[in-house]
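Remarks on the overall topology
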Amino acid sequence: MTSTTASPVRKPASASSFLNWYSEAGRAALFLRPRWDRVDASPARLALLVLILVLLAIVLDRIAIGVGEAVHFNWRALGQDWLPVLTTIWACYLVRPKPAYDPDRRIAPGAAHLAGMALALSFVTTLVASLVYLGLESSGIGDLMLWSVWRLTFLWSVIAEIVLVTRSGTRHSGARLLAAAVLLISSLFYLALPQTHFWHAPRPDHAEQRPTLELTQQLMEAQPALLARRLEALPPQRPGVVDLYALTFAPYSDEDVFRNESAMVSEVMAQRFGAHHLQLVNHVDTVEQWPWATPLNLRRAIQAAAARMDPNEDVLFLHLTSHGARNGVLAAEFWPMTVESVTPSALKAWLDEAGVRYRILSISACYSGSWIAPLAADNTLVMTAADADHTSYGCGRGSELTFFGRALYNEQLREHTLSFEQAHATARELIKQREEEAGKSDGYSNPQIAVGNGIRKKLEQLRAAQEPGTT
C-alpha cells in the first residue's frame, strides 16, 4: 500500500546523472511508470530541463524555416507560448500537493519531481515527433499524410503527459480528472493558436538605424479614419462590366521589399486591368497613406470590396507578400504593435463569409505552396511563389522586389501578357534561371498554380474587356 506520510527521499548515486531524466521520460512516453529513485528534482535541474526544452524549440523552428536567406533571432518569442508549461506545472501541484515517500516508487515523491518528468517527457515526444516528421518529409510523402502523422504524434504526446500526471497523484479522482481535462484543453488551445517564430529576416547590422513605429494617440485615432476613407473610396461595380477589385497585403514591416512589392502589384493591376485597388501595408513610411496590414483590416477590406461587387460578374484579386513558414503561417510584424498572422484557413473563411465568388489569390512567401490545397476551388485562381517544401527568393533586406513579384507582375503582366496562367508559366522559367545564377542553396522554389474552370472563363472575359490589341 502506498504511504502518504511525508518522508525524506533517499538520493541514489545514479541520480547525479542528468540523462536519467530523459531515459525515464522515455519510459513515460511508452506509458511505463518512471523509476522515481533515479531522478533528483533540485531547482537547478528543473531550470535546466526548462532551458533545454526552450532550446529544442528554437532549433526545430530554425530547421523548419530551411536553409534559405539569413535570419535573425526574435527575442520576443521567448516571452510567449508558456501556457502549456505553466498549465503542466499547475496540474502537477494539483494532483501532488504534498511530498510523500512511496517505497514501491510508483508515484512521484513530490510535485517538483512530477513537473520535471513532464518537462523531460515533452522534450522526448517533441524530438521523436520532429524526427519522424522530417524523415517522412524527406521521403516525398504527401502533405495529407504528413499532416496526419503530425496530428497523431501530437495526440500521443498529450495522452502520455496526461497518463503520467494523473497516475502519479495522491489526490482524489476528481482532482485527477480536473488535471486531465485542463491539460487536454490547454493542449488543444495551444494547437489552435498561431505559432510564434524564433527566427525572422535579419535586422540591419550597420550603423544607420531604421525608423520605428511610434504609437501616438494621433496615429491610433487616424488609422481607423484612414481605413474608412480608403474603403469608402472603392467605387461600386459597373453593371455589364467585369470589374477587378485588387487588395495587396504586406504585413512584415522590417523589410522594404514587401512594401515595394505591394505598391508595384497594385500599380500593375490598376494599369493593366483597370482594377479598383487598396493597399494594406505595415511600414513606417506609409502610415499616413495606407491602412495597416492586420488580419482585421484585411477582413474588413474583403467585406467592403464584396459589398461593392456583383458576385456573379466581378473578380477579387488579393496579393499577400511576406515571409512564410512550412505550417502556412504568414509572418507579420510591426514593432511595437503586435500583429497576428494570416493563415490559409482564415483567409478562405473571410472570403466565404463575404460572399466573394470569383477569386485570384497570389501568395508571395516561402513555402507558400501549402496555401494551394486550402484555397483551390472551381472559381479560384491560386498562385504561389514556391511549393510547400522550398523557400522563395529575393525577400532579403537588399532586394527591391522578390523574384516572384518581379518576374510575374513587374515583367510579364506589366509588359507582355494579360493572362495570369501564361505569365506564371513564363515567370517559373525566369525564376528558376535567376535562382540558379544567384546560387540559391535549398533548390528551386518551384512556384505553383491552381486554376479552376469557373475562374478561367471569367479571366477570359476580363482580358477581352481591356483595350483592343492587348495580349
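Below: a short report on this structure. Quick caveat, the model's predicted, so the values are computed rather than measured.

Here we look at the packing of helix 12 (residues 403-416) against helix 13 (residues 420-438)
Direction vectors running N to C along helix 12 and helix 13 enclose 135 degrees, while the axes themselves pass 8 Å from each other. The angle between helix 12 and helix 13 places the two elements in the oblique class. Taken as a pair, helix 12 and helix 13 cross one another with a handedness that is right-handed. In this structure, helix 12 uses Phe-403, Phe-404, Arg-406, Ala-407, Leu-408, Glu-411, Gln-412 and Leu-413 to contact helix 13, whose residues at the interface are Phe-420, Ala-423, His-424, Thr-426, Ala-427, Leu-430, Ile-431, Arg-434, Glu-435 and Ala-438.

Looking at the packing of aromatic side chains
For the coordinates displayed, the defined rule picks out nine aromatic pairs. Look at Tyr-393 and Phe-403: their rings are 5.1 Å apart centre to centre, the planes differ by 80 degrees, and that puts the pair in the edge-to-face class. Here Tyr-393, found in the loop between strand 7 (380-384) and helix 12, pairs with Phe-403, found in helix 12; they are 10 residues apart in sequence, far enough to count as distant. Phe-403 sits in the buried class, given a relative accessible area of 16%. Cluster of aromatic residues (ring-pair linked, three or more members): Phe-273, Phe-317, Phe-404, Tyr-409 and Phe-420. Above the ring of Trp-290, the side-chain terminus of Arg-230 is found at 3.8 Å from the ring centroid. In this structure, Lys-432 is placed above the aromatic ring of Tyr-444, and the distance from its NZ or CZ to the ring centre is 5.9 Å.

Some remarks on the pattern of salt bridges
One pass over the structure, following the stated rule, counts 15 salt bridges. Between Glu-24 and Arg-38 there is a salt bridge; the shortest N-O distance is 2.6 Å. With Glu-24 in helix 1 (residues 19-29) and Arg-38 in the loop between helix 1 and helix 2 (43-65), the pair connects residues that are 14 residues apart, well separated along the chain. We classify Glu-24 as buried; its relative accessible area is 0%. Its salt-bridge partner being Arg-463, residue Glu-460 comes within 3.5 Å of it at the nearest N-O pair. Here Glu-460 pairs with Arg-463, and both are found in helix 14 (residues 453-464), just three residues apart, close to one helical turn. For Arg-463, a relative accessible area of 26% corresponds to the partly exposed category. Linked by salt bridges that have partners in common, Glu-24, Arg-27, Arg-35 and Arg-38 make up one network.

With respect to the environment of Arg-238
Relative to the elements of secondary structure, Arg-238 occurs in the loop between helix 7 (217-232) and strand 3 (244-250). Arg-238 sits in the partly exposed class, given a relative accessible area of 43%. Note: C-alpha distance between Arg-238 and Arg-308 (70 residues apart in sequence) is 9.5 Å. Once residues lying within four places of it in the same chain are set aside, the contact partners of Arg-238 are Asp-243 and Glu-313. Separated by 2.6 Å, the side chains of Arg-238 and Asp-243 make a polar contact.

Reading guide: rules and limits
Residues numbered from 1 in each chain as written. Predicted model: local features only at pLDDT ≥ 70, side-chain atom pairs only at ≥ 80, totals over all residues. Heavy atoms only, no water. Axes fitted to C-alpha atoms, helices over the stretch in contact; angles between N-to-C directions. Helix = DSSP H or I, 4+ residues; strand = E, 2+ residues; numbered from the N terminus. Parallel < 35°, antiparallel > 145°, perpendicular 65-115°, else oblique. Left-handed = near helix turned anticlockwise from the far one by under 90°. Contact = heavy atoms within 4.5 Å. Phe/Tyr/Trp six-rings, centres within 6.5 Å; stacked < 30°, edge-to-face > 60°. Buried < 20%, exposed > 50% of the residue type's maximum accessible area, 1.4 Å probe, protein only. Lys NZ or Arg CZ within 6 Å of the ring centre and 35° of its normal. Salt bridge = Lys/Arg side-chain N within 4 Å of Asp/Glu carboxyl O. Polar contact = N/O pair within 3.5 Å; in protein donor to acceptor, adjacent residues only side chain to side chain.

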